[in-house]
Amino acid sequence: MPINWFPGHMNSTRQAIKDRMQAGLDVIIELLDARLPGSSSNPLLAALTAGRPSLKVLNKQDLADPAVTAAWLDFYNAQPHTRAIPLDAGDKSPARALIKACRELAPGRGDMHKPLRVLICGIPNVGKSTLINTLVGKRATKTGDEPGITKVEQKIVLENGFYLFDTPGMLWPKIGIEQSGYHLAASGAIGRNAFDEAEVALELIAVLQNRYPEALRQRYGLTELADEEAVLEAIGVKRGAKIRGGAVQLHKAAEALLMDYRQGLLGRITLETPDEMSAWRQAAAEEEARKAAAREAEKAADKARRSGRRAASSGDAT
Ligand code: G4P
């Protein structure tokens, strides 16, 4: 799916993360969207912070399918130096569980002499501000930049010996997995002008038909679920998206469906499982390798053509 993906602050945030790694970093919190825990994970962040203890926070768990969230928690908890917890960022006591999990990931740190230095990252709209507000309460103080660290970073003292470093939501240069593009768009992580809503809605309907058909039937009073476009039209009819003459405005129907999904009105729905994500990653890597090989072959053929021409012209000259 073509997405106008603007990585925005990517370079300055990337630099801020590199600086933080150098200045000292004990734990990285990556805030993920529990409805798309694979697609909302930033490959650039993984590359930048490889090997550091990592806490994956599956936020918006109240909107996600609990059984699939459990599978994702198992998936991330099985990775080295990694812990994963589910969260509803507005909820106070689970948010405190996050502080405990960070302390467990870096047991040697967390007092005034050796403060625990934690970086928090996440894609836009994943709930980072909400979580920080919940964590901060009245006790935390925000301080200015440390010398040598770019102005992008903000330091929050959560409690004695616990520093949280906040960076702007960082995106990555290219969405390599097509399904991830659809899921990020459906979740609301990407600005609405950057993609075709009907295309994303059709993809969402395909996931719902496959795994949550009852959600579609109940929300829109559908008796049968035909192909995706017919379902989108039926949603449009139910939601008054018809124009004079009777045709359904598919983009209006799509908007209604996406809005309902984002607000949780279709129930608790997760768009991807760990197994699906692994298969998509592998397919994308194979496709990337195939394209790289084709580029190399094209370059070699080009070089052979050029040296053939050179040989021919030097032959002409003699
Ligand atoms: P960001 O800083 O990562 O960009 O995200 P932010 O905290 O602004 O949250 C984006 C939206 O997600 C907000 O809704 C927020 O209320 C909602 N949100 C954050 N955490 C959770 C969660 O755990 N569960 C649910 N259900 N929603 C969550 P909004 O409609 O954009 O704003 P508002 O009307 O709530 O202020």
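Rules behind the numbers
Residues numbered from 1 in each chain as written. Predicted model: local features only at pLDDT ≥ 70, side-chain atom pairs only at ≥ 80, totals over all residues. Heavy atoms only, no water. Helix = DSSP H or I, 4+ residues; strand = E, 2+ residues; numbered from the N terminus. Buried < 20%, exposed > 50% of the residue type's maximum accessible area, 1.4 Å probe, protein only. Contact = heavy atoms within 4.5 Å. Areas by Shrake-Rupley, 256 points an atom, 1.4 Å probe, with all protein chains shown as cover. Lys, Arg positive; Asp, Glu negative; His and termini not counted. Charge placed at Lys NZ, Arg CZ, Asp CG, Glu CD. Near = heavy atom within 4 Å. Polar contact = N/O pair within 3.5 Å; in protein donor to acceptor, adjacent residues only side chain to side chain. Nonpolar A, V, L, I, M, F, W, Y, C, P; charged D, E, K, R; others polar. Pairing = 2+ DSSP bridges. Right-handed = clockwise from strand over helix to strand, strands pointing away. Axes fitted to C-alpha atoms, helices over the stretch in contact; angles between N-to-C directions. Parallel < 35°, antiparallel > 145°, perpendicular 65-115°, else oblique. Left-handed = near helix turned anticlockwise from the far one by under 90°. 1 Å grid on protein atoms, 1.4 Å probe; cavity = no way out; pocket = protein on both sides within 12 Å on 5 of 7 lines; lining within 4 Å. Points joined across faces, edges and corners; volume = space filled by probe spheres on them. Domains from an automatic or database assignment. Salt bridge = Lys/Arg side-chain N within 4 Å of Asp/Glu carboxyl O.

**Q** How do you make sense of the overall build of the protein chain when you look at a structure like this?
**A** Each helix and strand in the protein chain was counted, giving 11 helices and 7 strands. Along the first, second and third principal axes, the C-alpha atoms of the protein chain reach 75 × 75 × 35 Å. Expressed as a percentage of the 318 residues in the protein chain, the buried residues total 46%. If you take every contact in the protein chain between residues at least 6 apart in sequence, the share linking residues at least 24 apart comes to 71%. Working note: accessible area of the protein chain is about 15900 Å², and carbon and sulfur atoms make up 51% of it. Considering the protein chain, the positive charge centre built from 43 side chains and the negative charge centre built from 39 side chains are found 7 Å apart.

**Q** Honestly, the site of the ligand in this entry has me stumped. Any pointers?
**A** As a matter of local geometry, the ligand sits amid 13 residues, with D62, A89, N125, S129 and T130 nearest to it. With respect to the ligand, the side chain of D88 contributes an N or O atom lying 3.2 Å from an oxygen atom. Between the ligand and V126, the relevant distance is 3.2 Å, taken from an oxygen atom to a main-chain nitrogen or oxygen of the residue. For the ligand, whose unbound accessible area comes to 710 Å², protein coverage reaches 54%. The greatest single-element share of the shell around the ligand, amounting to 3 residues, is contributed by helix α5 (residues 128-136). Here the shell around the ligand is composed, by residue class, of 4 nonpolar, 5 polar and 4 charged.

**Q** Please clarify how the pairing of strand β3 (residues 82-86) should be interpreted in this entry.
**A** Across a regular strand the side chains alternate sides, sitting on one face of the sheet and then on the other. As judged from the 5 bridges shared by strand β2 (residues 54-59) and β3, these two strands associate in the parallel manner. Counterpart to V57 in the pairing with β3 is I85. With helix α3 (residues 66-77) bridging β2 and the parallel β3, this β-α-β connection has right-handed handedness.

**Q** Mind showing me how you'd approach the packing of helix α7 (residues 197-211) against helix α10 (residues 250-262) here?
**A** A pair of packed helices can be characterised by two numbers: the angle between their axes and the separation between those axes. Where α7 contacts α10, the axes come no closer than 8 Å and their chain directions differ by 55°. As far as their axial angle goes, α10 and α7 are oblique. The two elements α7 and α10 cross, and the hand of that crossing is left-handed. Residue-level contacts link E197, A198, V200, A201, L204, I205 and L208 of α7 to H251, A254, E255, L257, L258 and Y261 of α10. Within the contact of α7 with α10, the residues separate by chemical class into 10 nonpolar, 1 polar and 2 charged.

**Q** Whenever I open this one, the pairing of strand β7 (residues 162-166) confuses me. Can you help?
**A** Extensive coverage of β7 is indicated by the burial of 5 of its 5 residues. Here strand β4 (residues 116-122) pairs with β7 via 5 bridges, running parallel. Looking at β7, one finds that I120 is bridged to D166. Summarising the sheet, strand β6 (residues 154-159) and β7 pair through 5 bridges and their orientation is antiparallel. Paired with K155 across the bridge in β7 is F165. Joining the antiparallel neighbours β6 and β7 is a turn of 2 residues, in which G161 adopts a positive phi near 75°.

**Q** What's the story with the layout of surface pockets in this structure? I'm lost.
**A** Summary: where empty space remains is shown by rolling a probe the size of a single water molecule over the atoms. Considered as a void within the structure, the largest pocket measures approximately 800 Å³ in volume. Lining the largest pocket are 39 residues, with G38, S41, N42, P43 and R281 sitting closest to its centre. For the lining of the largest pocket, the elements supplying multiple residues, two or more each, are β1 (27-33), α2 (43-48), β2, α3, α6 (178-187) and α11 (274-317). In terms of residues, the lining of the largest pocket owes the most to one element, α11, which gives 9 residues.

**Q** Sorry, what's going on with empty space enclosed by the protein here?
**A** The tally for this structure, following the rule as stated, stands at 4 cavities of 30 Å³ or more. Its boundaries defined by the atoms lining it, the largest cavity holds a volume of some 50 Å³. Elements represented by at least two residues in the lining of the largest cavity include exactly α1 (10-23) and β4. Taken together, the residues that form the lining of the largest cavity break down as 6 nonpolar, 4 polar and 1 charged.

**Q** Would you mind going over the domain arrangement of the protein chain with me for this structure?
**A** Entries for the protein chain in the domain assignment read domain 1 (10-166), domain 2 (196-262) and domain 3 (283-318). If you average the C-alpha positions of domain 1 and of domain 2, the two centres end up 36 Å apart.

**Q** Before we go on, may I ask you to explain the pattern of salt bridges in this structure?
**A** Oppositely charged side chains may form a pair once their charged atoms are brought near each other. This structure, assessed with the given rule, holds 21 salt bridges. In this structure, the salt-bridge partner of E287 is R290, at a minimum N-O distance of 2.8 Å. Of this pair, E287 and R290 are both found in helix α11, 3 residues apart, which corresponds to roughly one turn of the helix. The salt bridge partner of D302 is R306, with a shortest N-O separation of 3.6 Å. Here the residue D302 and the residue R306 both occupy positions in helix α11, the gap between them amounting to 4 residues, near one helical turn. Residues participating in the shared-partner salt-bridge network are E298, D302, R305 and R306.

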